[in-house]
Amino acid sequence: MADQSKFWRTVIYGVLFLVAVYYLLPLYVMLTTSVKSMDEIRAGNLLSLPLDITFAAWSKAWSSACTGVDCGGLAPYFWNSVMMVIPAVAISTVLGAVNGYVLSKWQFRGSEVVFAMILFGVFIPFQVLLLPMAQTLGVFGMASSISGLVFVHVVCGLASTTLFFRNYYVGIPDELIKAARLDGAGFWRIFFRIILPMSTPILTVTVIWQFTQIWNDFLFGVVFSSIESRPITVGLNNLANTSTSVKEYNVDMAAALIAALPTIVVYVLAGKYFVRGLTAGAVKG
Amino acid sequence: MGALAIKNVTKSFGDTHILKGINIEIDAGQFLILVGPSGCGKSTLMNIIAGLEAPTSGEVHIADRVVNNVAPKDRDIAMVFQSYALYPTMNVRQNIAFGLETRKVPKAEQDEIIARVAKMLQIEHLLGRKPSELSGGQRQRVAMGRALARNPKLFLFDEPLSNLDAKLRVEMRAEIKQLHQRLKTTIVYVTHDQIEAMTLGDRIAVMKDGVIQQFGSPQEIYDAPANLFVAGFIGSPAMNFIPCHIAEQQGVIGVALQGEGEPVFCALPPRLAQAGRVGQAVILGLRPEQFDLAGAGNGVACRIRIIEPTGPDTMLFSQLNGRDIIARVHPRHAPQPGELAWLAPDLGKAVLFDAVTETRLS
Ligand SMILES: Nc1ncnc2c1ncn2[C@@H]1O[C@H](COP(=O)(O)OP(=O)(O)O)[C@@H](O)[C@H]1O
Ligand SMILES: [Mg+2]
């Protein structure tokens, strides 16, 4: 009996281990390749450990690799992305929270229709937005700028963030709002003092979700930006596609890792809350 | 002085009419109970009194002032909710202080109020705890503390005890009663529990389907229920309803009751006999305690099917005129199941209902 359960446990862990290896292998290859020199890459095989660790490729990818005609590395793109992602995540999350609060706790005539329309927004393929959005940005004078990208990401993220918060807040008992109203609190005081402090799990989920979406976005980044406002995904693409005499795999890998690093960091820092927020049953997404 | 008056209040959600013309008036210091089965509109009426919802028509007066257009916070009321509705991210002290802060009560005065309320409800040692670290009874106290801190003209309690276990419920019931006797504040208290209604209220409003069935003192409602619904809802075990025909024998007006043997003619007291109605179908309402065990040959012979000893009393389950009845008797003389018992109904306190309209005949 005990032997049998031990056997199955071993099998299960064995399978899990293999799956983990399978998923981690690309990361391993990227990491090791990025710290090898080109000589070593040519001589060795893909899976071998680096003999001589060097960060030259990282440094080149960051500050001197060529992305098209100019050769300043990924750094400017990286900072563009930072300048874009922080306000875009903050604004879309805050607006989503307020929307969700209104749609769940201050329903008005027609609020269900508004919610249904927002829900519809989650399923709209972003490609169909490109032309109207380009015109809108033009009208607002935000075309090809970072603020334009922020605007696009806020608008396109609102449907999801509203849905997240609305579904989470629906689970908060209405009596709490009633009690606060009798305590003399109004719309904003209830939001800031009662609702927001209860929102840590869903805030974390939304921030991670939005950060990942916006940081990794390529479509809007490539369509709505100019030379000075290109985000990191576009930079990475340009770097990998710039034809040089030899393909510098180590630089490509380092660049890809630099592009992925912020999302990895966010997951590591807040991943625990992310899982908790998802399993709280508050989110469909 | 009128503490609360509800005048012709109706409430509809779309096409569903939840409240259909509610009229209630109570004086300052009274303890009003709204009792009725779940879904009859009690919470809706409470929310209207509190101003959390607007009535479709009608007026609400608090302290002789029409408050229909007064915001909840300005109605000088406090409410205790069924789920307690404590703010989960605040500790007990902050929960009580929240309303005071909102009303800009000076900090020193806040501390004074919190200390007084905490002492009164014996929650001083809990002030630093979060609601999630409290037991059900403690949460209940904190919810009451939050209401008391305000020192309002009117307290609203919406089923405050229904989430507690039976023993705690009895304790808290006594405590609420004591609190009322001490503070003499007007209280409106919602419950679906008829024992709570009887034990706590000065005035009881029995509701069903958005209509007040009867409004009166607990004893009035117990002794003279307005209709079959009220009679069956208040009292435990419920009143026995025995279908009969009013008959006249040798100038005496009465009803025939039949258990195991021949029908037995029982005279009605003058109070009920006056109405006449000879030959009409009525429903005789007899509470379980209005039966006595009589010696053989007296009263009505009934076959006992089950007995339920409760300690002080024993409940006898039998049948009269083809209906199940329960009689509450002293355990010492209680018969055994299957035996024949002679039950003597005391019609002195009996009530009669019209068989069709189900209202009480008087
Ligand atoms: N906002 C609402 N919209 C539609 N129906 C409602 C609403 N609030 C309550 N009701 C309905 O009104 C009826 C009475 O509810 P309620 O007052 O909560 O009953 P009680 O407190 O007596 O159990 C219920 O049938 C309920 O479904
Ligand atoms: Mg209710």
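Cut-off values and rules
- Residues numbered from 1 in each chain as written.
- Chains lettered and ligands numbered in written order.
- Predicted model: local features only at pLDDT ≥ 70, side-chain atom pairs only at ≥ 80, totals over all residues.
- Heavy atoms only, no water.
- Helix = DSSP H or I, 4+ residues; strand = E, 2+ residues; numbered from the N terminus.
- Buried < 20%, exposed > 50% of the residue type's maximum accessible area, 1.4 Å probe, protein only.
- Contact = heavy atoms within 4.5 Å.
- Lys, Arg positive; Asp, Glu negative; His and termini not counted.
- Charge placed at Lys NZ, Arg CZ, Asp CG, Glu CD.
- pLDDT = per-residue confidence, 0-100.
- Salt bridge = Lys/Arg side-chain N within 4 Å of Asp/Glu carboxyl O.
- Phe/Tyr/Trp six-rings, centres within 6.5 Å; stacked < 30°, edge-to-face > 60°.
- Lys NZ or Arg CZ within 6 Å of the ring centre and 35° of its normal.
- Axes fitted to C-alpha atoms, helices over the stretch in contact; angles between N-to-C directions.
- Parallel < 35°, antiparallel > 145°, perpendicular 65-115°, else oblique.
- Left-handed = near helix turned anticlockwise from the far one by under 90°.
- Nonpolar A, V, L, I, M, F, W, Y, C, P; charged D, E, K, R; others polar.
- Core = buried A, V, L, I, M, F, W, Y, C linked by side-chain atoms within 4.5 Å.
- Near = heavy atom within 4 Å.
- Polar contact = N/O pair within 3.5 Å; in protein donor to acceptor, adjacent residues only side chain to side chain.
- Areas by Shrake-Rupley, 256 points an atom, 1.4 Å probe, with all protein chains shown as cover.

1. Some remarks on the overall build of chain B
The helix and strand inventory of chain B stands at nine helices and 22 strands. Seen through its principal axes, chain B has C-alpha atoms that stretch 80 × 45 × 35 Å. For chain B, with 362 residues in total, the buried portion stands at 49%. Partitioning the intrachain contacts of chain B with sequence separation of at least 6 by distance along the chain shows that 66% fall at a separation of at least 24. Taken as two groups, the 38 positive and 37 negative side-chain charges of chain B have centres that lie 6 Å from each other.

2. Let's talk about the confidence of the model for chain A
Summing up the model confidence of chain A, the mean pLDDT is 90 and the portion of residues at 70 or higher is 96%. Long-range and interchain partners of residues 281-285 of chain A, a stretch whose pLDDT sits below 50, account for 14 contacts in this model, where long-range means more than four residues apart.

3. A few points about the pattern of salt bridges
All chains considered together, the criterion is met by 19 salt bridges over all chains. Close ionic contact of B:Lys42 with B:Glu159 constitutes a salt bridge, the shortest N to O distance being 3.9 Å. Placement of B:Lys42 in helix H1 (residues 42-50) and of B:Glu159 in the loop between strand E7 (154-158) and helix H5 (166-183) is noted, with a sequence separation of 117 residues between them. Here B:Arg303 and B:Glu260 are joined by a salt bridge, their closest N and O atoms 3.2 Å apart. Pair noted here: B:Arg303 is in strand E16 (residues 300-303) and B:Glu260 is in the loop between strand E12 (252-257) and strand E13 (264-267), with a separation of 43 residues, a long-range link. Connected through salt bridges with shared partners, the residues A:Arg189, A:Arg193 and B:Glu101 form a single ionic network.

4. Some points on the packing of aromatic side chains
Residue and element names in this part refer to chain A. Per the stated rule, a full pass over the model turns up 27 aromatic pairs over all chains. With a centroid separation of 5.6 Å and 85 degrees between ring planes, the pair formed by Phe140 and Phe151 is classed as edge-to-face. You can see Phe140 sitting in helix H6 (residues 130-140) and its partner Phe151 sitting in helix H7 (residues 146-170), a full eleven residues away along the chain. In this structure Phe151 comes out as partly exposed when scored by relative accessible area, which is 25%. An aromatic cluster of at least three residues, connected via ring pairs, comprises Tyr101, Trp106, Phe187, Trp188, Phe191 and Phe192. For Arg166, the ring lying beneath its charged end belongs to Phe115, and the centroid distance is 4.0 Å.

5. What to know about the packing of helix H5 (residues 111-122) of chain A against H7(A)
Residue and element names in this part refer to chain A. Relative to each other, H5 and H7 sit at 130 degrees, their axes nearing to 8 Å. Comparing the axis directions of H5 and H7 gives the class oblique. Regarding H5 and H7, the two cross each other, and that crossing is left-handed. For the pair H5 and H7, contact is made by Glu112, Phe115, Ile118, Leu119, Gly121 and Val122 and by Ala159, Ser160, Thr162, Leu163, Arg166 and Asn167, respectively. Class assignment of the residues belonging to the contact of H5 with H7 gives a composition of six nonpolar, four polar and two charged.

6. A word on the nonpolar core
Core analysis: the biggest nonpolar cluster contains 96 residues, and B:Ile24 and B:Val188 have the highest contact counts within it. Among the elements that make up this core, the one with the highest residue count is helix H4 (residues 75-105) of chain A (eleven residues). With residues up to four places along the chain from it excluded, the contact list for B:Val188 reads B:Leu4, B:Ile26, B:Leu32, B:Leu34, B:Met46, B:Ile49, B:Leu154, B:Phe155, B:Leu156 and B:Phe157. Membership of the second largest hydrophobic core comes to 45 residues, among which are B:Ile33, B:Ile204, B:Ile221 and B:Phe233.

7. A short note on the site of ligand 1
Residues and elements named next belong to chain B. Inspection of the region around ligand 1 gives Phe13, Ile18, Ser38, Gly39, Cys40, Gly41, Lys42, Ser43 and Thr44 as its neighbouring residues. At a separation of 3.2 Å, an oxygen atom of ligand 1 approaches a polar backbone atom of Cys40. At a separation of 2.9 Å, an oxygen atom of ligand 1 approaches a polar backbone atom of Lys42. The protein chains hide 56% of the 570 Å² of surface that ligand 1 would expose on its own. No other element matches H1, which puts three residues into the shell around ligand 1. Each residue belonging to the shell around ligand 1 can be placed in one class, and the counts come to three nonpolar, five polar and one charged.

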